[in-house]
Amino acid sequence: MASATFRIWRGSGKEGAFRDYTAEIAPGMVVLDAVHHIQAEQANDLAVRWNCKAGKCGSCSAEINGSPRLMCMTRLNSLPLDQPITIEPMKAFPHVKDLVTDVSWNFRVKKTIRKFKPRPREADGTWRMAQADVDRVQEFRKCIECFLCQDVCHVLREHQLHDRFIGPRFLVYTAALEMHPLDTENRTTDLWQKHGVGYCNITKCCTKVCPESITITDNAIIPLKERVVDERFDPLQKLFRIFKK
Amino acid sequence: MAEYQTYDYDVLVVGAGGAGLSAAIQASANGARVGVVTKSLLGKAHTVMAEGGIAAALSNTDERDNWKVHFADTMRGGQYINNWRMAELHAKEAPDRVRELEAWGALFDRTKDGRILQRNFGGHRYPRLAHVGDRTGLEMIRTLQDHGIHLGMEVHMECTVLRLLKDSGRIAGAFGYERERGRFLLLRAKAIVLATGGIGRAYKVTSNSWEYTGDGHSLAFHAGASLLDMEFVQFHPTGMIWPPSVRGILVTEGVRGEGGVLKNKDGVRFMFSDIPENYRSQTADNEEEGWRYTQGDRKARRPPELLTRDHVARCIMREVREERGSPHGGVYLDIAWIKERLPNGAEHIKRKLPSMYHQFKQLADIDITQEPMEVGPTTHYMMGGVRVDADTQQSDIPGLFAAGECGAGLHGANRLGGNSLSDLLVFGKRAGEHAAKFSKENGTASIDQAQIDETIRSALAPFDRTGESPYQVQQDLQTMMQNLVGIVRQEQELERAVEEVRKLSERASKVAVGGNREYNNGWHTALDLTNLLTVSEIIARAAIERKESRGAHFREDYPAKDPEAAKFNIVVRRGDAGEIIVSRQPVKEMPAELKQVIEESN
């Protein structure tokens, strides 16, 4: 049976180093399979976060040969196996141990976004919505919260502006709420003042790494930016606001 | 003795899937101080994997549907040993729970007139499943999560409960540990809701994630609660089988609901050759009629591919055993053929089954719009669980509740697809409501330090030993259960399984782990072994006791249904010396009006 070398980051907090492991490989294997073999046979205490192993839960995010990927959806036959495959934890979040990072910031950010506020039901007790209107939001609701888009976003990764910018995941989340056919809440002021929508300069790195192929920048972030511009910076609107005061 | 942090709650919910979050939401809404413990991050629980939909008689897609038909379908699927009161509550309340999800932001696929669209599924007479493509579970868990986080509940992510604590008969709290730092937690609570899901990890081929180690079943059993129907393990007929690394991953029944057909290597639709008597009048007898059914023809009867899961799984096994299977030991599931019937077939498949398209393309290099999938049975769902009161979901232990997969009763001998998500919503909510009520009516119980000390001692023991790896014991257990307590069972093998569990328990008590307590998956695996071994033995013991074949439980040595065995459920509880006591409990007589509902639906 063929084998390959996996260069895995080991350590906790700021301390750590790569360690090489050799594992046998079989047809169809994904990176997470190799990590599991290594864990079961060579490194029982290797820390890795995973759940569904089918690309549906978004738990096993990591950086494989430098690219943010889900370990469970990265086939070994898509990687050059003649050289070591590097597997590292995500960089935009505090490191916990081995391949695990502390992603709790994401859960705190979500709480700061105004929740869904539906309009009243129709007379017959239902809500009628056209599939076409639902489609647009369903794209955003495909998100599995793997946080790879957060990991790759330079505003978070390089500039560490976690206290000023909610990141692509939560702009998609906000867009899903804002474009929800039933929602009546307005999040434009928050987007501009608290959530830092202006920090995104549309490099589209997030869109490229999304395992659910959500068109994050074009379909979610840009329309949100346009809403902010329409409401905050449109000269006519500005005049209206002044007169209303 | 090691230190631990203490938290105080009115209601502690163990598990944050559909049932746990529903319970936590309802308990919070009723004014209880709620803590939630989840083994993973919030929103990653196994509910996320549910694909097909939520069964609820909304009668949007077919106005002939109503709670009575749903009730009768559920009882028929469960072979009439279900708890009929749960089946009644479930059928009546599921539509409101779906509408509630919509009010919290869930966006279901729509009918042409803008209402919630419903799809066909196995064992359901009419199109009944509210769905979002084939990612309904994700929609559901995200909706509950995003609604719940604004209600004030405290969520302990990546925490595991090791033991339930009692105070002279009633529940007092739980003791567990958080994975990140490996620290212990005491979670005092007036009431506890177990919502820990199933037991799939006791088997080698499973659609379940690592979390599914029967924690709630085992915690409740060791605390003295009774378990019910533990012989009934559902093997989903269609799991992926190739390549080896994806073996077991679920292929939704929705594929068959959308017109997908099962074929053997000779291209024969073998499901037509074995239609059970009690479903004959509802089942199409030719391919054309089956196709018309999937396309919404109300006069047509459903194709045999949409018979109940237990039956379809056994038919697939038969084809494989009789050497009519596919190259890797399964059969073919073909959805690509619908292109012959639908002008934009490929696009239609991608729109209705996007995750399936994605999953096969990425993991198996198969384009399901072009070629058939290879599928075979995979361990999927546990019908058995904690015995609960139908209305309140309370177990035998005052203050201990259970909901969702770790509870029992609704599904009887076999669960219908789509009835799980609705189960989570209906009984999660009920458990939360009654747990909150219990916490208001009862004070805080006292904690027994000796129970805590003992838990800590045994939890830390693997660090002080030198011995084999916990992964080895886990793998050997999974292989044993797959071979001896699988789809087709017989007495000798089941007896051997009980013996094997004893040997494996011996080994488990000696496993060793390296490293420290911080995020140590090896240590966690060692701790999970107790639960896996407990549920494995219980399943085997209950399976020995049921000497007939019914629903998901198939005995090669007793291949027929025994009318006498339709009169009891099997109950398992722990004796004073820790032994497993198996007994029979008579099935309660159904009230006349429900009997009539069933008769009318025949």
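Residues numbered from 1 in each chain as written. Chains lettered and ligands numbered in written order. Predicted model: local features only at pLDDT ≥ 70, side-chain atom pairs only at ≥ 80, totals over all residues.

For the rest of this paragraph, the subject is the overall build of chain A. A tally of helices and strands in chain A yields ten helices and seven strands. If one aligns the C-alpha atoms of chain A with their principal axes, the spans along those axes are about 75 × 45 × 25 Å. Looking at the 245 residues of chain A, the share that counts as buried comes to 44%. A fraction of 61% describes how many contacts in chain A between residues 6 or more apart in sequence connect residues 24 or more apart. (Helix = DSSP H or I, 4+ residues; strand = E, 2+ residues; numbered from the N terminus. Buried ≥ 20, exposed ≤ 12 C-beta atoms within 10 Å, placed from the backbone. Contact = placed C-beta atoms within 7 Å.)

A word on the overall build of chain B. Helix and strand counts for chain B stand at 16 helices and 20 strands. Taking 25 Å as the expected radius of gyration for a compact globule of 602 residues, we find that chain B reaches 23 Å, a close match to that expectation. In terms of principal-axis extent, the alpha carbons of chain B reach across some 70 × 50 × 50 Å. Across the 602 residues that make up chain B, the buried fraction comes to 62%. Taking all contacts inside chain B whose residues are at least 6 apart in sequence as the whole, residues at least 24 apart take part in 74%. (Rg over C-alpha atoms; globule rule 2.2 N^0.38 Å.)

All names here are of chain B. Here four strands make up an open sheet; going across it, the order is β11-β14-β13-β12 and the pairing antiparallel. In this open sheet, the two strands that pair with only one neighbour each are β11 (233–240) and β12 (261–263). Within the sheet, the average angular offset between the axes of one strand and its neighbour, ignoring direction, is 45°. Relative to strand β13 (residues 331–334), β12 runs antiparallel, the two sharing three bridges. Opposite L262, over in β13, you have L333 as the bridge partner. On top of the sheet, helix α8 (residues 309–321) reaches β11, β13 and β14 (373–382); it is set at about 55° to β11, its chief contact. (Pairing = 2+ DSSP bridges. Axes fitted to C-alpha atoms, helices over the stretch in contact; angles between N-to-C directions.)

Further remarks concern helix α3 (residues 84–103) of chain B. Residue and element names in this part refer to chain B. Across its 20 residues, α3 extends 29 Å between first and last C-alpha, which sits within 8% of the 28 Å expected from 1.5 Å per residue. Maximal helix bending in α3 amounts to about 40°, located at E93; proline P95 follows within four positions. Regarding α3, the residues found buried are W84, M86, A87, E88, H90, A91, A94, P95, R97, V98 and L101. Considering only its buried residues, α3 is in contact with β3 (54–55), α2 (67–77), β5 (129–130), α4 (136–148), α11 (419–441) and α16 (592–601). Positive phi appears at G105, one or two residues downstream of α3, with a value of about 115°. (Expected span 1.5 Å × (residues − 1). Bend = angle between axes of the 7 residues up to and from the residue.)

Here the focus is the interface of chain B and chain A. Of the residues lining the interface, 47 residues belong to chain B; the matching set on chain A comes to 48 residues. Sorting the residues of the side of chain B that touches chain A by element identifies α3, α4, α10 (354–364) and α15 (521–545) of chain B as the ones contributing at least two each. If one sorts the elements of the side of chain B that touches chain A by residue count, α10 of chain B sits on top with four residues. For the side of chain B that touches chain A, the residue count by class is 19 nonpolar, 16 polar and twelve charged. (Nonpolar A, V, L, I, M, F, W, Y, C, P; charged D, E, K, R; others polar.)

As a further point, take the packing of helix α3 (residues 131–141) of chain A against helix α6 (residues 167–178) of chain A. All names here are of chain A. One way to put it is that α3 packs onto α6 with a least axis distance of 9 Å and a crossing angle of 155°. In terms of orientation, α3 and α6 fall into the roughly antiparallel class. Between α3 and α6 the crossing geometry is left-handed. Residues V137, F140 and R141 of α3 form the contact with α6, whose participating residues are V172, A175 and A176. Of the residues in the contact of α3 with α6, the class split is five nonpolar, no polar and one charged. (Parallel < 35°, antiparallel > 145°, perpendicular 65-115°, else oblique. Left-handed = near helix turned anticlockwise from the far one by under 90°.)

Moving on, we get to α8 of chain B. Residues and elements named next belong to chain B. With 13 residues, α8 extends 18 Å from end C-alpha to end C-alpha; this agrees with the ideal 18 Å at 1.5 Å per step. Turning to α8, its buried residues are R309, D310, H311, V312, A313, C315, I316, M317 and E319. Looking at the buried side of α8, the elements it contacts are β11, β13, β14 and β17 (488–489). Where α8 ends, the next residue or the one after it, E323, has phi of about 60°, a positive value.

Turning our eyes to something else, we now look at the pairing of strand β9 (residues 183–194) of chain B. Residues and elements named next belong to chain B. Along β9, ten of the twelve residues are buried, which leaves the element largely enclosed by surrounding structure. Direction of pairing for strand β1 (residues 4–14) relative to β9: parallel, over a ladder of ten bridges. For Y7, the partnering residue across the bridge sits in β9 and is L187. Examined bridge by bridge, strand β8 (residues 170–178) and β9 share six bridges and lie antiparallel to one another. Across the sheet, residue G173 finds its bridge partner in β9, namely R188. As consecutive antiparallel partners, β8 and β9 are separated by four residues, and within that stretch G182 has a phi angle of approximately 75°, a positive value. Pairing geometry for β9 and strand β16 (residues 400–402), over three bridges, is parallel. Residue I192 lies in a different strand from β16, and its bridge partner there is L400.

Let's shift gears to the sheet that holds strand β2 (residues 17–24) of chain A. Backbone hydrogen bonds hold the strands of a sheet together, and the pairing may be parallel or antiparallel. Residues and elements named next belong to chain A. Overall, mixed pairing links the five strands, which are arranged β2-β1-β5-β3-β4 in an open sheet. The two strands at the open ends of the sheet, each matched to only one other strand, are β2 and β4 (67–70). Here the average twist between neighbouring strands, direction ignored, is 35°. Strand contacts of helix α1 (residues 31–41): β1 (3–10), β2, β3 (61–64) and β5 (85–88), with the helix running at about 95° to β2, the strand carrying the most contacts.

The next point concerns the confidence of the model for chain B. Looking at chain B, the pLDDT average stands at 96 and 100% of residues meet or exceed 70. Scored as a whole, the predicted complex attains pTM 0.96, and scored at its interfaces, ipTM 0.95. (pLDDT = per-residue confidence, 0-100.)

Moving on, we get to the nonpolar core. Within the largest apolar cluster, 245 residues are counted, with the highest numbers of intra-cluster contacts made by V11, I192, V193 and L194 of chain B. Per element, the largest residue contribution to this core is 13 residues, and it comes from α15 of chain B. (Core = buried A, V, L, I, M, F, W, Y, C linked by C-beta atoms within 7 Å.)

The next thing to look at is unusual backbone geometry. The omega torsion of the bond from W242 of chain B to P243 of chain B falls at -5°, within 30 degrees of zero and hence cis. Mapped onto the elements, P243 of chain B comes out in the loop between β11 and α6 (254–257). Unusually for a residue other than glycine, K204 of chain A sits at a positive phi of about 65°. For S59 of chain B, which is not glycine, the phi torsion reads 50° and is therefore positive. Mapping S59 of chain B onto the fold places it in the loop between β3 and α2.

Let us now look at the pairing of β8 of chain B. Residue and element names in this part refer to chain B. Along β8, seven of the nine residues are buried, which leaves the element largely enclosed by surrounding structure. Relative to β8, strand β7 (residues 159–167) runs antiparallel, the two sharing eight bridges. When the bridges of β8 are listed, D167 appears paired with R170. In sequence, β7 turns back onto β8 through a hairpin of two residues, with S168 there showing a positive phi of about 30°.

Residues and elements named next belong to chain A. You can see A17 is positioned in strand β2. By the C-beta count within 10 Å, which is 7 here, A17 ends up exposed. Along the primary structure A17 and D230 are separated by 213 residues, whereas in three dimensions their C-alpha atoms are 49 Å apart. Excluding residues that lie within four positions of it along the chain, A17 makes contacts with R10 and G11.

This next bit is on the environment of D274 of chain B. Looking at where D274 of chain B falls in the secondary structure, it is placed in the loop between β12 and α7 (287–294). Given 13 C-beta atoms within a 10 Å radius, D274 of chain B is considered partly exposed.

Glancing now at the packing of α2 of chain B against α16 of chain B. Residue and element names in this part refer to chain B. Where α2 meets α16, the axes come as close as 9 Å, and the angle between the chain directions of the two elements is 85°. Considering the angle they form, α2 stands roughly perpendicular to α16. Facing α2, whose interface residues are K68, V69, F71, A72 and M75, α16 presents V597, I598 and S601. Considering only residue class, the contact of α2 with α16 consists of six nonpolar, one polar and one charged.

Residues and elements named next belong to chain A. If you trace the backbone, I8 turns up in strand β1. Residue classification places I8 among the buried residues on the basis of 25 C-beta atoms within 10 Å. In this structure the C-alpha to C-alpha distance between I8 and H180, which are 172 residues apart in sequence, comes to 42 Å. Excluding its chain neighbours within four sequence positions, the residues that come into contact with I8 are F18, R19, Y21 and I87.

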